[in-house]
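These are the residues of each chain, in order.
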Amino acid sequence: QVQLVESGGGLVQAGGSLRVSCAASGRTFSNYAMAWFRQAPGKEREFVAVISWRGLTAYYADSVKGRFTISRDNAKNTVYLQMNSLKPEDTAVYTCATYRRPYYVSSTYYRKEEYDYWGQGTQVTVSS
């Protein structure tokens, strides 16, 4: 059974930084791309970033490009999202997800349907 457990969320002031983590188990972590999504109150879940299985390639939503960095440590089965220059509009529940196919990232990596396992999420709140 695949399990994804996020941690590291919290309250931060605008302009600050935060790093969230996602620990994975139940699947050969290093074979799968991993992504972060977020969902703000009253809004749809949206793509934030994805990283390939070896960590060589990453893609970002335009809204976070240049401020957020996704990374992974395959020895620790963990993916990270470093968030800098945070804005109040970054407030959301951040959830990690694992790609549905090994050794693969499609051109539609931003679609929720590309992922098959999801964590419970961690709340990030940015105050103005």
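Notes on the structure follow. Counting restarts for each chain: residues are numbered from 1 in the order of the written sequence. In keeping with the predicted nature of the model, local features appear solely for residues at pLDDT of at least 70, side-chain atom pairs appear and are counted solely at 80 or more, and the whole-chain, interface and lining totals rest on all residues. Heavy atoms from the whole structure form the basis of all side-chain values; hydrogens and water molecules are not counted.

Read across the sheet, 4 strands follow the order 1-3-8-7 without closing on themselves; strand pairing throughout is antiparallel. Strands with a single pairing partner mark the edges of an open sheet, and in this sheet they are strand 1 (3-7) and strand 7 (68-73). If you compare each strand with its neighbour and ignore which way they point, the axes differ by 15° on average. DSSP bridges decide pairing: two strands pair if at least two such bridges lie between them. The helix count covers DSSP runs of H or I at least four residues long, the strand count covers runs of E at least two residues long, and both are numbered beginning at the N terminus. Bridge count between strand 1 and strand 3 (residues 18-25): 5 bridges; the pairing is antiparallel. Along strand 3, the bridge assignment pairs Gln3 with Ser25. Every angle, taken between N-to-C directions, lies between 0 and 180 degrees, and every axis is a line fitted to C-alpha atoms, over only the stretch in contact when it is a helix.

With that out of the way, let us pick up the nonpolar core. By nonpolar core is meant a set of buried Ala, Val, Leu, Ile, Met, Phe, Trp, Tyr and Cys residues that side-chain atoms within 4.5 Å join together. Between buried and exposed lies partly exposed: a residue is buried under 20% and exposed over 50% of the maximum accessible area for its type, with that area taken using a 1.4 Å probe on protein chains only. In this structure, Trp36, Leu81, Met83, Tyr94 and Tyr115 are the most contacted members of the largest nonpolar core, which totals 36 residues. Of all the elements in the fold, those that place two or more residues in this core are strand 3, strand 4 (34-39), strand 5 (46-51), strand 7, strand 8 (78-83), strand 9 (92-99) and strand 11 (122-127). Beyond its immediate sequence surroundings of up to four residues, Leu81 is in contact with Leu18, Arg19, Val20, Trp36, Val48, Ala49, Phe68, Thr69, Ile70 and Tyr94. Any two residues whose heavy atoms approach within 4.5 Å at even a single point are treated as in contact.

Right, let's get into empty space enclosed by the protein. With a 1 Å grid spanning the protein atoms alone, the term cavity applies to any set of points in which a 1.4 Å probe fits but cannot get out, the term pocket to an open set with protein on both sides within 12 Å along at least five of seven lines, and the term lining residue to any residue with an atom within 4 Å of a point. Grid points are joined across faces, edges and corners, and a volume is the space filled by probe spheres set on the points. Across all of its chains, the model carries 1 cavity of 30 Å³ or more by this definition. Quantified by volume, the largest cavity comes out at close to 50 Å³. What lines the largest cavity is Val2, Leu4, Ala24, Ser25, Arg27, Thr28, Phe29, Tyr32, Met34 and Thr98. Put simply, Ala, Val, Leu, Ile, Met, Phe, Trp, Tyr, Cys and Pro go in the nonpolar bin, Asp, Glu, Lys and Arg in the charged bin, and everything else, Gly too, in the polar bin. Partitioning the lining of the largest cavity into residue classes produces 6 nonpolar, 3 polar and 1 charged.

Next up on the list: the pairing of strand 3. As paired elements, strand 3 and strand 8 share 6 bridges and run antiparallel to each other. Within strand 8, the residue paired with Ala23 across the bridge is Thr78.

What follows deals with the environment of Arg38. You can see Arg38 is positioned in strand 4. If we skip the residues at most four places from it in the chain, Arg38 touches Glu44, Arg45, Glu46, Val48, Ser63, Val64, Phe68, Glu89, Asp90, Ala92, Val93 and Tyr94. At a separation of 2.9 Å, a polar atom in the side chain of Arg38 contacts the side chain of Asp90. The term polar contact refers here to a pair of N or O atoms within 3.5 Å; inside protein, the definition further demands a hydrogen-donor-capable atom paired with an acceptor-capable atom, and it admits residues adjacent in sequence only when both atoms are side-chain atoms. Side-chain polar atoms of Arg38 contact the side chain of Tyr94, separated by 2.9 Å.

Judged by how many residues are buried, strand 5 sits mostly within the fold: 5 of 6 residues are covered. Pairing of strand 4 with strand 5 involves 5 bridges; the strand directions are antiparallel. Residue pairing across strands places Trp36 opposite Ala49, the latter belonging to strand 5. The antiparallel hairpin formed by strand 4 and strand 5 contains 6 residues in its connecting segment, where Gly42 sits at a positive phi of about 75°. Examined bridge by bridge, strand 5 and strand 6 (residues 58-60) share 3 bridges and lie antiparallel to one another. In the strand pairing of strand 6, Val50 is matched with Tyr59.

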